[in-house]
Amino acid sequence: MSSPRRPSSQPSRGGRAPWSPRGERGRLPPVSRCVGMVMWGQQPSPAAPGLEDSLCAIAVVGRSCALYPRLPGRDGGGTLPSHDAAQTSAPCGRDAEGRALGSFQLGHQDNIPSCTPVQRALMLLTPSLEKLQAVKCRMLEAMDKGLSRQTHAQATVRMLPTFVCSTPDGTEKGDFMVVELCQSHVRTLFVTLLGDGNQSPQLMYKIFDMPADMLQGTGEALFDFIAQCVHKFLEEIGSLQHRLPLGFVFPFSCRQTGLGKAELISWSKGFQCSDVEGKDVVQLLQAAINKLELYHVQVIALLNDTVGTMMASSWGGKPCEIALVTGTGTNSCFMAEAELVEVVEESNGRMCVNSEWGCFGDDGALGDVLTPYDHRVDQESSNPGERRFEKMVGGLYLGEIVRHAVLMLAAEQALFVGASTSVLGAKDAFKTQQVLEIMEFGEILQSVAGLLAPECTATLVPSADTNGLGVAMVTAVAQRLLTQRHEVEQLLAPLRLSRADLERVQALMRQEMERGLGRDSNANASVRMLPTYVCNTPDGTERGDFLALDLGGTNFRVLVVRVMQEGIHMASEIYVVPTSVMQGTGEALFDHIVECIMDFQTKQNLMEQVLPLSFTFSFPCQQLGLDKAVLLTWTKGFSASGCVGQDVVQLLRDAAQRKQHVALKVVAVVNDTVGTMMACGYDDPKCEIGLIVGTGTNACYMEERKNVGTVEGDEGRMCINMEWGAFGDNGCLDDIFTTFDRMVDEKTINAGKQRFEKLISGMYLGEIVRHILLAMVDKQLLFRGKPSLKLQTRDIFQTKFLSTIETDGLALQQVQGILRDLELDASFEDSVLVREVCQTVSLRAAQLCAAGLAAVVEKMRENRGLAQLAITVGVDGTLYKMHPHFSQNLQQLLQDLAPNCAVTFLQSEDGSGKGAALVAAVACRETSP
């Protein structure tokens, strides 16, 4: 669409002026309306609510200001003087260098009898630095109270969520409409953004005078008037056709439940329209607009002038994240971590919080700062006892404070002696503008703020257009985020599994389990369901000393496990398997293992004893008996010759024979999943399932022996090593696999295998996330479309990053730090999106694990003919133990998918050592007379 045309210079009916270069905001000088544009640098006070992990937005300048010739601690860089030091360093009315106290120096507030009335009046209005520090602390406490769900309703500083969750990034583009309700007029604004970093927005606006009686009239009349202003404005600029998003500036205290949904809490600033408080003002305005059949105009955002100030001041990639308005009234807002805003459910990212600090002190928190002049101004106001902070700061009241101070001095014959002061009796005799013309408000603000928050680095910049452009920015950002959200949802949708998806995975797992148990179907099953020949779990009567050997990588352990009535005691030592041995001959490997066993027994004084040994061998094996397992293939860097296809227990016995270690008695070979079940079974007899969710994943459980078609016998039960990591290798899960999963699978050393494991385990989740992030960068959704070389490096995004990034309470700055280590220039919004990707991938992993486990527990329940099954799962693995949400998500989803099973999870302390020894202990118990 072409740019809106400028109407003629003739004022429209009710318009104040045809077209002016800027909107009017209470006719105050620009210096009285400042916005804190954060220049992130140092950490703030830990007590600052919402700012614990970011920076403060109070300006710090390096020079003195005219009104405070030498503020304490500024020019000399020394410490700030206390009250006592200040009082004893100079006579009354003069500082240590002879300057008059009329220069309003901090630290000289206490009344001194010999001071003149003028000096006393000035001292009353000049709080000491210590007093200002105390007010700062009370403000922080009030902000904390406003953020808390428990205390929000009682807070004087309301800390209202605005649902503005992002600042402009410069890519915003399109036409936007703004309507601003002001003290005595309505301003309409048409903004065109060009997507050029917001450097050259095109603005046209018009101001419409509002009838004075409308402030006290009906709400319907007010909103009808606003809608008529919109209609007239659009007629003049010729924009009545295409869809036009509208932002509404409504500078009153509202309870927002969405960006475009806000209920008016209370009127202020002289407004008292009926039938509006408690109503959604966005709906009221939209209804009024619809009456005029302007259906193409949609109100999508509401905010107050403070938020508009913040948004208007974000330029050129330098986001403004705090705003301060000191005009007719006063307020502030800032971007806070969303999880700190407890009154809304949103916990990701950040949200702008409207402090509504004008009511600070209504509970008496400012009692020791209020002067007699403040009390008189308050008593004469329309709302005595309310908005005490605003009445000390806002421009509506500063002139009145000066008037009362001058009146008191005149009554004491300290001013205007012999002259008539009747003019001072009239309200508004002193205008705030007159006060500001004789002082440098901005410099005082910067200097004093620098004293109160010296650890913060910030810059104050005047807002060029406090509201209009800011609201247009909010509306534009909302549109950008909606578009981005649609693309993100499309990208992540295949990873978000529905309840129906999970129930289908559960049914497929059950189907593959049955095939794996069948004698004729086992060879074609993706879930192999291998018999372990472990037929019982511990019952607590096991006793004795046992050796355990744990081989699964470049290091292996030898343990002695003593099972006694009072508990289990273990001693162990770790030995290294040199690369030359890992990749040499089988004889050399097993000779090395036996030598290490002998060394350990010697150190433990066990060489003279014949102890049962259980061998944890964490490589793919086909088990033919409790002490017989044939190696199917080496993994994890091992390639010792002469071992594949051989019984690993026999290889160990042969090596013992060669080393003449005849006391070695191997009674069992187990994998880590079975060891986990047995270790937890010692503490909980109901533990009949083992689960590993770490670098890889697997499960085992106690199956009815009559259902195990691959072994002889029908009595009792047998532990089945499911080897469920291969679930889906036959293609049954192809529709669950996403493009990202296939990318990861194709680059692995076993492409097309262990496909279920590649959706769940820690070895692969980081890679899945990395590929998603690359896709988002390609679609310009992340990092401004600029990936780093590191992000393109395989395995650079480790799964441990997911655990860190998803940690509750982790500030977005810390997420940024993780991404910065990957050479990624991440904004706060980027960090939020990366966190969402991590959460999506880890949640899916927990969901799939839960679906698999649901199939197991439901099969066990049906096997036993029970309406309800109470069972314990022994679980091990770094992903389950270290990820902040995996275990909780797994347990909740399992409860949903298997509601007739009460499942308890018990973490294994040492499944590969303690559990392996218990396998041997149970075996010995069964063979004992």
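Predicted model, so just to flag it, every value in this text is computed and none were measured.

Enquirer: When you look at the overall build of the protein in this model, what are you seeing that I'm missing?
Expert: A tally of helices and strands in the protein yields 26 helices and 27 strands. The buried share among the 929 residues of the protein stands at 56%. Summarising the internal contacts of the protein: among those between residues at least 6 apart in sequence, 69% fall at separations of at least 24. Carbon together with sulfur atoms contributes 51% to the accessible area of the protein, which is approximately 38200 Å² in total.

Enquirer: Hey, could you run me through the sheet that holds strand β15 (residues 530–531) in this one?
Expert: Strand pairing in a sheet relies on backbone hydrogen bonds, with the paired strands running either antiparallel or parallel. On the basis of which strands lie adjacent, the open sheet formed by six strands has the order β15-β25-β24-β23-β26-β27 and mixed pairing. Each end of this open sheet is capped by a strand with a single partner; those strands are β15 and β27 (901–907). Across two bridges, the pairing between β15 and strand β25 (residues 717–721) is antiparallel. Directly across from P531, in β25, lies its bridge partner I720. Against the sheet, helix α23 (residues 828–863) makes contact with β23 (687–693), β24 (697–704), β26 (869–876) and β27, and its axis sits at roughly 165° relative to β23, the strand it touches most.

Enquirer: Please clarify how the pairing of β25 should be interpreted in this entry.
Expert: The side chains of a regular strand alternate, first on one face of the sheet and then on the other. For β25, a buried count of four out of five residues is recorded, marking the element as mostly surrounded by other parts of the structure. For β24 and β25, the ladder comprises five bridges, and the chain directions are antiparallel. Following the sheet pairing, Y701 is matched in β25 by I720.

Enquirer: Would you explain the packing of aromatic side chains in this entry?
Expert: The relative placement of two aromatic rings is captured by the distance of their centres and the angle of their planes. Applying the stated criterion across every chain, the model contains 20 aromatic pairs. Summarising the aromatic geometry, the rings of W267 and F271 are spaced 5.5 Å apart at their centres and angled 15° between planes, so their arrangement reads as stacked. Like F271, W267 is buried. Ring centres of F360 and F389 lie 5.5 Å apart, and the angle between their planes is 70°; on these two criteria the pair is classed as edge-to-face. With a gap of 29 residues between them, F360 in the loop between β13 (350–354) and α7 (372–380) and F389 in helix α8 (residues 388–393) connect regions that are remote in the sequence. One aromatic cluster is present, built from ring pairs that chain together F223, F248, F250, F252, W267 and F271. Across from the ring centre of F252, 5.8 Å away, lies the NZ or CZ of K269, which sits over that ring.

Enquirer: Please clarify how the pattern of salt bridges should be interpreted in this entry.
Expert: Pairs may arise between side chains of opposite charge once their charged atoms sit close together. A complete count under the given rule lists 48 salt bridges for this structure. The partner of D545 in a salt bridge is R562, and the shortest N-O contact between them spans 3.6 Å. Residue D545 is located in strand β16 (residues 544–551), and its partner R562 is located in strand β17 (residues 555–564); the two are separated by 17 residues in the primary sequence. The residue D683 makes a salt bridge to K914 at a minimum N-O spacing of 3.4 Å. Highlighted residues: D683 in helix α17 (residues 672–683) and K914 in helix α26 (residues 911–927), separated in sequence by 231 residues. Under the relative-accessibility criterion, K914 is labelled buried at 10%.

Enquirer: Help me out: how do you make sense of helix α6 (residues 305–312) in this one?
Expert: In an α-helix, one full turn covers 3.6 residues, which means residues spaced three or four apart are oriented alike. Along α6, eight of the eight residues are buried, which leaves the element largely enclosed by surrounding structure. Among the residues of α6, D305, T306, V307, G308, T309, M310, M311 and A312 are the ones counted as buried.

Enquirer: Got a minute to help me understand the side chain of R861 in this structure?
Expert: Tracing the sequence through the fold places R861 in helix α23. With relative accessibility at 12%, the residue R861 sits in the buried group. Ignoring any residue separated from it by four or fewer positions in sequence, one finds R861 in contact with L866, A867, Q868, L869, N900 and C901.

Enquirer: What's the story with the packing of α7 against helix α9 (residues 395–411) in this structure? I'm lost.
Expert: If you want to describe how two helices pack, look at the angle between their axes and the distance between the axes. Relative orientation of the contacting elements α7 and α9 amounts to 120°, with a least axis distance of 9 Å. Between α7 and α9, the angle is such that the two are oblique. Seen from above, α7 lies across α9 with right-handed handedness. Here α7 contributes P372, Y373, D374, R376, V377 and E380 to the contact with α9, which in turn contributes Y397, E400, I401, R403, H404, A405 and M408. Looking at the contact of α7 with α9 residue by residue, the class counts come to seven nonpolar, one polar and five charged.

Enquirer: Explain the sheet that holds β17 to me, please; I cannot follow it from the model alone.
Expert: With mixed pairing, five strands are arranged side by side in an open sheet as β18-β17-β16-β19-β22. Where the open sheet ends on each side, the last strands, each with one partner, are β18 (567–576) and β22 (665–670). Along the sheet, successive strands turn relative to each other by an average axial angle of 20°, direction set aside. Contacts between helix α15 (residues 586–603) and the sheet are confined to β16, β17, β18 and β19 (612–617), with β18 contributing the most and set at about 130° to the helix. Across the face of the sheet, helix α16 (residues 648–658) comes into contact with β16, β19 and β22 while running at roughly 150° to β22.

Enquirer: How should helix α11 (residues 441–452) be read in this particular structure?
Expert: Taking 1.5 Å of rise per residue, the twelve residues of α11 would be expected to cover 16 Å, and the 17 Å separating its terminal C-alpha atoms lies within 8% of that figure. Across the twelve residues of α11, ten count as buried, placing the element largely inside the fold. Buried residues of α11: F441, G442, I444, Q446, S447, V448, A449, G450, L451 and L452, and no others.

Enquirer: Where do I start with the environment of I401 in this structure?
Expert: Of note, I401 is situated in helix α9. As for I401 and K391, which are separated by ten residues in sequence, their C-alpha atoms are 8.9 Å apart. The contacts of I401, once residues within four sequence positions are left out, are L125, Y373, D374, V377, K391 and M392.

Enquirer: Teacher, can you tell me more about the nonpolar core here?
Expert: One recurring pattern in soluble globular proteins is that nonpolar side chains are buried together. Within the largest apolar cluster, 88 residues are counted, with the highest numbers of intra-cluster contacts made by L691, Y701, M722, I772, M776 and F797. Per-element tally for this core: the top contributor is α23, with 17 residues.

Enquirer: I keep staring at the environment of D196 and nothing clicks. Help me out?
Expert: By the element assignment, D196 lies in the loop between β5 (185–194) and β6 (202–209). For D196, a relative accessible area of 32% corresponds to the partly exposed category. Along the chain, D196 and K173 lie 23 residues apart, while their C-alpha atoms are 8.3 Å from each other.

Enquirer: What exactly am I supposed to notice about unusual backbone geometry here?
Expert: Most peptide bonds take the trans configuration, and most residues that are not glycine carry a negative phi. Notably, M159 is not glycine yet its phi reads approximately 50°, a positive angle. Along the chain, M159 falls in the loop between α3 (129–147) and β3 (160–161). One non-glycine residue with positive phi stands out, namely Q413, at about 60°. Within the secondary structure, Q413 is located in the loop between α9 and α10 (432–436). Take Q413: its relative accessible area is 52%, and that puts it in the exposed class.

Enquirer: Would you explain the packing of helix α12 (residues 468–492) against helix α20 (residues 762–778) in this entry?
Expert: The interhelical angle for the contact between α12 and α20, taken along N-to-C directions, is 145°, at an axis separation of 11 Å. The two elements α12 and α20 cross, and the hand of that crossing is right-handed. Only I772, A775 and M776 of α20 make contact with α12, whose side of the interface consists of V488, L491 and L492. Split into classes, the residues belonging to the contact of α12 with α20 amount to six nonpolar, no polar and no charged.

What counts and what doesn't
- Residues numbered from 1 in each chain as written.
- Predicted model: local features only at pLDDT ≥ 70, side-chain atom pairs only at ≥ 80, totals over all residues.
- Heavy atoms only, no water.
- Helix = DSSP H or I, 4+ residues; strand = E, 2+ residues; numbered from the N terminus.
- Buried < 20%, exposed > 50% of the residue type's maximum accessible area, 1.4 Å probe, protein only.
- Contact = heavy atoms within 4.5 Å.
- Areas by Shrake-Rupley, 256 points an atom, 1.4 Å probe, with all protein chains shown as cover.
- Pairing = 2+ DSSP bridges.
- Axes fitted to C-alpha atoms, helices over the stretch in contact; angles between N-to-C directions.
- Phe/Tyr/Trp six-rings, centres within 6.5 Å; stacked < 30°, edge-to-face > 60°.
- Lys NZ or Arg CZ within 6 Å of the ring centre and 35° of its normal.
- Salt bridge = Lys/Arg side-chain N within 4 Å of Asp/Glu carboxyl O.
- Parallel < 35°, antiparallel > 145°, perpendicular 65-115°, else oblique.
- Left-handed = near helix turned anticlockwise from the far one by under 90°.
- Nonpolar A, V, L, I, M, F, W, Y, C, P; charged D, E, K, R; others polar.
- Expected span 1.5 Å × (residues − 1).
- Core = buried A, V, L, I, M, F, W, Y, C linked by side-chain atoms within 4.5 Å.

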